[in-house]
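What the coordinates show
So the chains spell out like this:
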Amino acid sequence: MALAHAILAALVEASCSGYDLAKRFDGSVGFFWSASHQQIYRELSKLEEREWISSESILQAGRPDKRLYRVTDLGEQHLKEWIAQSCEPTPIKDDLLVKIFAGHIVPKQIILAELKHHQQAHIKKLSTYKNLEQRYFQNPQELPETAKFQYFTLLNGISYETHWLAWCNQVMELLKQTTEN
């Protein structure tokens with residue numbers, strides 16, 4: 001997936017400024033497609049050149065003008081075509097898994113410390129996802145269609161973090177057992 005598709009997906013819901021898009025991106029699409037604010041702004045220019053989005057300048061008193069971006073009909077059509085295309089699962093590229101694969105060459109405490117570090121990060125991410133679920137998606141069957149599809153991506157994140165933590169706990173327990181023996 002190109003960053004362009006992630007931006008179109010974020011903008012199709014509602015028009016917004018580049019700044020607001022970057023903030024919205026961080027709290028939605030950014031959970032599964034990361035990009036810096038600088039990358040987002042560069043991509044907005046490219047999308048506007050392709051006429052997949054348009055922008056208008058909004059005058060602001062005492063502040064610089066802001067540009068409000070929206071998806072054009074052409075952009076929405078492109079997004080629909082892209083969604084309809086089959087995609088391949090993304091290959092895993094994970095530094096931690098490479099470290100684990102070759103972890104037998106270092107003391108187990110080094111690997112355990114690295115796993116503990118990642119465990120804490122995944123606990124925090126799972127907590128964020130659970131808070132979002134509690135705040136916005138308490139009754140999934142009653143959600144409007146747009147929110148249901150957003151909830152589906154959140155469910156994937158919750159499942160991923162839960163599975164990752166179960167794996168991490170299992171590996172840490174096995175390492176601790178072999179350290180004790």
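Note that this is a predicted model, so its numbers are computed, not measured. (Residues numbered from 1 in each chain as written. Predicted model: local features only at pLDDT ≥ 70, side-chain atom pairs only at ≥ 80, totals over all residues. Heavy atoms only, no water.)

**Regarding the packing of helix α1 (residues 3–11) against helix α4 (residues 73–84)**
The criterion, for reference: The axes are straight lines fitted to the C-alpha atoms, using for helices just the contacting stretch, and the angles between their N-to-C directions are given from 0 to 180°. In DSSP terms, a helix is any run of H or I states spanning at least four residues, a strand is any run of E spanning at least two, and both are numbered starting from the N terminus. Put simply, a crossing is left-handed when the front helix is turned counterclockwise from the back one by less than a right angle, and right-handed when it is turned clockwise. Two residues qualify as a contact provided that any one of their heavy atoms is within 4.5 Å of a heavy atom in the partner residue. Amino acids are sorted into nonpolar (Ala, Val, Leu, Ile, Met, Phe, Trp, Tyr, Cys and Pro), charged (Asp, Glu, Lys and Arg) and polar (every other residue, Gly among them).
It is at 10 Å that the axes of α1 and α4 come closest, and there the two elements cross at 115°. Considering how the two elements wind past one another, α1 and α4 form a crossing that is left-handed. For the pair α1 and α4, the contacting residues are H5, L8 and A9 in the first and G75, H78, L79 and W82 in the second. Residues of the contact of α1 with α4, tallied by class, amount to four nonpolar, three polar and no charged.

**Here we look at the packing of helix α2 (residues 18–26) against helix α3 (residues 37–49)**
Put simply, the rule is: Comment on the angle field: the value is read as roughly parallel under 35 degrees, roughly antiparallel over 145, roughly perpendicular from 65 to 115, and oblique elsewhere.
At their nearest, the axes of α2 and α3 sit 10 Å apart, and the two run at 125° to each other. Relative to α3, the element α2 is oriented oblique. The element α2 and its partner α3 pack so that their crossing is right-handed. On α3, the residues touching G18, Y19, L21, A22, F25 and D26 of α2 are H37, I40, Y41 and L44. Counted by class, the contact of α2 with α3 contains seven nonpolar, two polar and one charged residues.

**Quick word on the side chain of S55**
The following threshold applies: Distance and chemistry together define a polar contact, namely a pair of N or O atoms within 3.5 Å, with one atom able to donate a hydrogen and the other to accept it when in protein, and with adjacent residues in sequence counting only for side-chain atoms on both sides.
Residue position: S55 is located in strand β2 (residues 53–58). Side chain to side chain, S55 and E48 meet in a polar contact 2.5 Å long. Side-chain polar atoms of S55 contact the side chain of R67, separated by 2.6 Å. Apart from residues lying up to four places away in sequence, S55 is in contact with E48, R67, L68 and Y69.

**So, the nonpolar core**
Worth spelling out the cut-off: Here, nonpolar core refers to any group of buried Ala, Val, Leu, Ile, Met, Phe, Trp, Tyr and Cys residues whose side-chain atoms link them within 4.5 Å. Burial here depends on accessible area, computed with a 1.4 Å probe over protein chains only, as a share of the maximum for the residue type. Under 20% is buried, over 50% is exposed, and the range in between is partly exposed.
I7, L11, L21, F25, I40, L44 and I53 are the most contacted members of the largest nonpolar core, which totals 21 residues. Looking at this core, the elements that each hand over two or more residues are α1, α2, α3 and β3 (66–71). The dominant element in this core, judged by the number of residues it contributes, is α1, at seven residues. Beyond its immediate sequence surroundings of up to four residues, I53 is in contact with L8, L11, L44, L47, E48, Y69, R70, V71 and T72. Within the second largest apolar cluster, 18 residues are counted, among which are Y129, F137, W164 and V171.

**Describing the sheet that holds β2**
Remark on secondary structure: sheet strands pair via backbone hydrogen bonds, oriented parallel or antiparallel. Threshold: At least two DSSP bridges between two strands are needed for those strands to be called paired.
In spatial order, the strands read β1-β3-β2; together these three strands make up an open sheet with antiparallel pairing. A strand with exactly one partner marks an edge of an open sheet, and here the two such strands are β1 (16–17) and β2. Here α1 sits on the sheet in contact with β1, β2 and β3, set at roughly 95° to β3. Packing of α3 onto the sheet brings it into contact with β2 and β3, and relative to β2 it is tilted by some 115°.

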